[in-house]
Amino acid sequence: MVNQQFDGRAWINGERVDARDRATFDCISPVDGRLLTTVARCQQADVDAAVAAARAAFEDRRWSGMAPAARKRVLIKFADQLLVHADELALMETLDMGKPIRYARAVDVNSAANCIRWYGEAVDKIYDEIAPTASTALALITREPMGVIGVIVPWNYPMIMAAWKIAPALAAGNSVVLKPSEKSPLTALRLAELALEAGLPPGVLNVVPGYGVEAGSPLALHMDVDCIAFTGSTRVGKQIHVMAGQSNLKRAWTELGGKSPNIVFADCPDLDKAVEAAVGSIFFNQGESCNAPSRLYVEAGIQDRFLEKALALAPRYAPANPLDSATVMGAIVDRTQMDTVLRYVDTGKAEGASLLYGGEQALTQTGGFYVQPTIFAGVTSGMAIAREEIFGPVLSVLSFTDAADVVRQANQSVYGLQAAVWTRDINKAHGVARALRAGTVHVNQYDEDDITVPFGGYKQSGVGRDKSLHAFDKYTETKTTWIRIDSPV
Ligand code: NAD
């Protein structure tokens, strides 16, 4: 039965609206495979309306013209609103995309709120520059908002991915049109309502749910969008750059896939901690994390001991009801993604890797989409499960002999999002970290992180960085104003 509690209508110019042609699509919960609600199926006409609203808001300066300190106050209130509505947002996220409610509440809501607060707080503390010219000139280098920012996000961390883009974009004074994933559209719509309640003027943030080709492409191709900020697969990310070039050469930023190597040397300072991190990080969020350490390289001499410990931990991650506060692994986002994951398990077996744990669908009686935590050993670099992003709870364990060997193997990837190295040797840690082609390299931990550091990838993991003050570079133009001074003295 459709749950009327969840409003799936679009959000344009500060109002809930149906798609122009009243089309909808079904929002199915992966928790039990049942219909959660119906959602506006936005297309070109809806995107046009949202972009027009965003453009009007930008041009009349109702937001872009506000002092940074005033924008800060609204964004901080917006962040507070997320926390006030934390339980509601967490429940929505869990039902919509299947992650355990404990993490939806403790990680997703809190990180999104923290991100919005951080950019709000930052924006009235950033100064522009004066160039070191001769005294006959005053050259100002100022950052200005770009205008209308199109944002397209995936389904794995719907609120966080949206916040990483809309928070710096809004803080800098832009207007935004956000297209959430068709697989998890609900929290983005609710965030926009909360932003209005916090004082964000209508039209500054608009949300157009819908399918990629129907709602995402019109946004990426739009002639009145100044920048498109995308997070998703490398396949679609490449199309986003083409669409930017085919239309108005809008700025295009892409945060894409990964196949991150996690390298454990025999002199790892704490093997138990390394095992916990390796297993915990690949199974966190059902393995649906762009930076999941899905390639685990363990030095040959400690491989047996490592695997024994990993196998002892694996049962802890058995999938269970995401609404139960004790659950640590929930449902895969939908049937299609679950089938993809299971297909990779078959591929791994066919390629000759040894399946040590899991590999099966689980909890079929629920009607939802669950996969056991899965560990393959004996994986080699050429295998598909070592090269391709699976985006599910599947760990591929490989072996290596020395630092040069593992760096060569680790860099043998089209991706370069993250990596990790575990060793007590400081020279080896620095040397390997430098040699790894990745946007972030962790040393003796895997997932410690906060909003102060950039996040993004080398190679086909994308173009540009989310988080930190660097994110402002994506949403601002740099202007030079050269003033001649004919000094009378
Ligand atoms: P996806 O590329 O299929 O979809 C991402 C978004 O793009 C969705 O909103 C989708 O509707 C839209 N889209 C799809 N086709 C489109 C088109 N032709 N034109 C415009 N928009 C289109 O990715 P996904 O399955 O939603 O997400 C998983 C991917 O996201 C993984 O590859 C993962 O690594 C990546 N990801 C990367 C990061 C990062 O920061 N690097 C973070 C999270 C997820």
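Now for a description of the structure that goes with this document. (Residues numbered from 1 in each chain as written. Predicted model: local features only at pLDDT ≥ 70, side-chain atom pairs only at ≥ 80, totals over all residues. Heavy atoms only, no water.)

**Some words on the packing of helix α3 (residues 86-97) against helix α4 (residues 101-122)**
Test applied: Fitted lines through C-alpha atoms give the axes, limited to the stretch in contact for helices. The angle between two N-to-C directions lies from 0 to 180 degrees. Helix and strand definitions follow DSSP, with helices as H or I runs of at least four residues and strands as E runs of at least two, each counted in order from the N terminus. Orientation labels follow simple angle bins: below 35 degrees gives roughly parallel, above 145 gives roughly antiparallel, 65 to 115 gives roughly perpendicular, and whatever is left gives oblique. In this scheme the crossing of two helices becomes right-handed for a clockwise turn of the near helix relative to the far one and left-handed for an anticlockwise turn of less than a right angle. Should any heavy atoms of two residues lie within 4.5 Å, those residues are considered in contact.
With their axes 8 Å apart at the nearest point, α3 and α4 run at an angle of 120° to one another. Regarding the angle of α3 to α4, the classification is oblique. Here the hand of the crossing between α3 and α4 comes out right-handed. Across from Ala86, Asp87, Leu89, Ala90, Leu91, Glu93 and Thr94 in α3, the residues of α4 making contact are Ile101, Ala104, Arg105 and Val109.

**Digging into the sheet that holds strand β6 (residues 137-145)**
Cut-off, in case you're wondering: Paired strands, in this sense, are two strands between which DSSP finds at least two bridges.
One open sheet holds the three strands; their spatial order is β5-β6-β24, and the pairing between them is antiparallel. Edge positions in the sheet fall to β5 (129-130) and β24 (476-484), since each has one partner strand and no second.

**As for the environment of Ser487**
The cut-off we apply is this: What qualifies as a polar contact is a pair of N or O atoms within 3.5 Å, subject to a donor-acceptor requirement within protein and to the restriction that residues adjacent in sequence count only when both atoms come from side chains.
Summarising the element assignment, Ser487 is placed in the segment after β24. Between the C-alpha atom of Ser487 and that of Lys72, which follows or precedes it by 415 residues, the distance is 38 Å. Only 3.0 Å separates the side chain of Ser487 from the backbone oxygen of Val489, close enough to count as a polar contact.

**Observations regarding the pattern of salt bridges**
Note the threshold: Within this document, salt bridges are pairs made up of a side-chain nitrogen of Lys or Arg and a carboxyl oxygen of Asp or Glu, the two lying within 4 Å of each other. Only protein chains enter the accessibility calculation, which uses a 1.4 Å probe. A residue is then buried if its area is under 20% of the maximum for its type, exposed if over 50%, and partly exposed in between.
All told, the structure shown has 31 salt bridges when counted by the stated rule. The shortest N-O distance in the salt bridge between Arg16 and Asp7 comes to 3.5 Å. Residue Asp7 is classed as partly exposed on the basis of its relative accessible area of 25%. With its nearest N and O atoms 3.2 Å apart, the salt bridge here joins Arg55 to Asp224. Here the residue Arg55 occupies a position in helix α1 (residues 44-59), and Asp224 occupies one in the loop between α7 (212-221) and β10 (227-231), the gap between them amounting to 169 residues. The exposure class assigned to Asp224 is partly exposed, which follows from its relative accessible area of 30%.

**Notes on a nonpolar patch on the surface**
Rules: Patch definition: residues with relative accessible area over 30% and no salt bridge; like charges joined within 9 Å; nonpolar side chains (Val, Leu, Ile, Met, Phe, Trp, Tyr) joined within 5 Å. Where accessible areas are quoted, they stem from the Shrake-Rupley method and a 1.4 Å probe; at the residue level, only the protein chains shown are allowed to cover.
On the surface, Ile130, Leu138, Ile483 and Ile485 cluster together into a nonpolar patch covering about 310 Å² of accessible area. With respect to the helices and strands, the residue Ile130 is situated in strand β5.

**Let's talk about the packing of helix α2 (residues 68-84) against helix α5 (residues 158-171)**
A pair of packed helices is captured by two measures, namely the crossing angle of their axes and the spacing between those axes. Rules: Three residue categories are used. Nonpolar comprises Ala, Val, Leu, Ile, Met, Phe, Trp, Tyr, Cys and Pro, charged comprises Asp, Glu, Lys and Arg, and polar comprises the others, including Gly.
Interhelical geometry of α2 versus α5 gives an angle of 155° and a closest axis separation of 10 Å. Viewed along their axes, α2 and α5 adopt a mutual orientation that is roughly antiparallel. Where α2 approaches α5, its residues Arg71, Leu75 and Phe78 are matched on the opposing element by Ile166, Ala167, Leu170 and Ala171. Here the contact of α2 with α5 is built from residues that sort into six nonpolar, no polar and one charged.

**Details of the sheet that holds strand β20 (residues 418-422)**
Spatial ordering of the open sheet is given by β14-β17-β18-β13-β12-β20-β21, a layout of seven strands whose pairing is mixed. This sheet does not close on itself; its edge strands, each paired only once, are β14 (354-357) and β21 (440-443). Geometrically, the sheet is characterised by an average inter-axis angle of 25° between neighbouring strands, direction not taken into account. Across three bridges, strand β12 (residues 261-264) lies against β20 in parallel orientation. Its bridge partner lying in β20, Asn262 is registered against Ala420.

**With respect to the side chain of His442**
In this fold, His442 is placed in strand β21. Judged by relative accessible area, His442 falls into the buried class, the value being 5%. At 2.7 Å, the side chain of His442 and the backbone oxygen of Tyr446 are in polar contact. Leaving out residues up to four positions away in the same chain, His442 has contacts with Gln418, Ala419, Ala420, Val421, Asp447 and Glu448.

**Some details on the side chain of Thr254**
Tracing the sequence through the fold places Thr254 in strand β11 (residues 251-255). Among the polar contacts listed, one links the side chain of Thr254 to the side chain of His241, at a separation of 2.9 Å. The residues contacting Thr254, other than those within four sequence positions of it, are Phe230, Gly237, Ile240, His241, Ser461, Gly462 and Val463.

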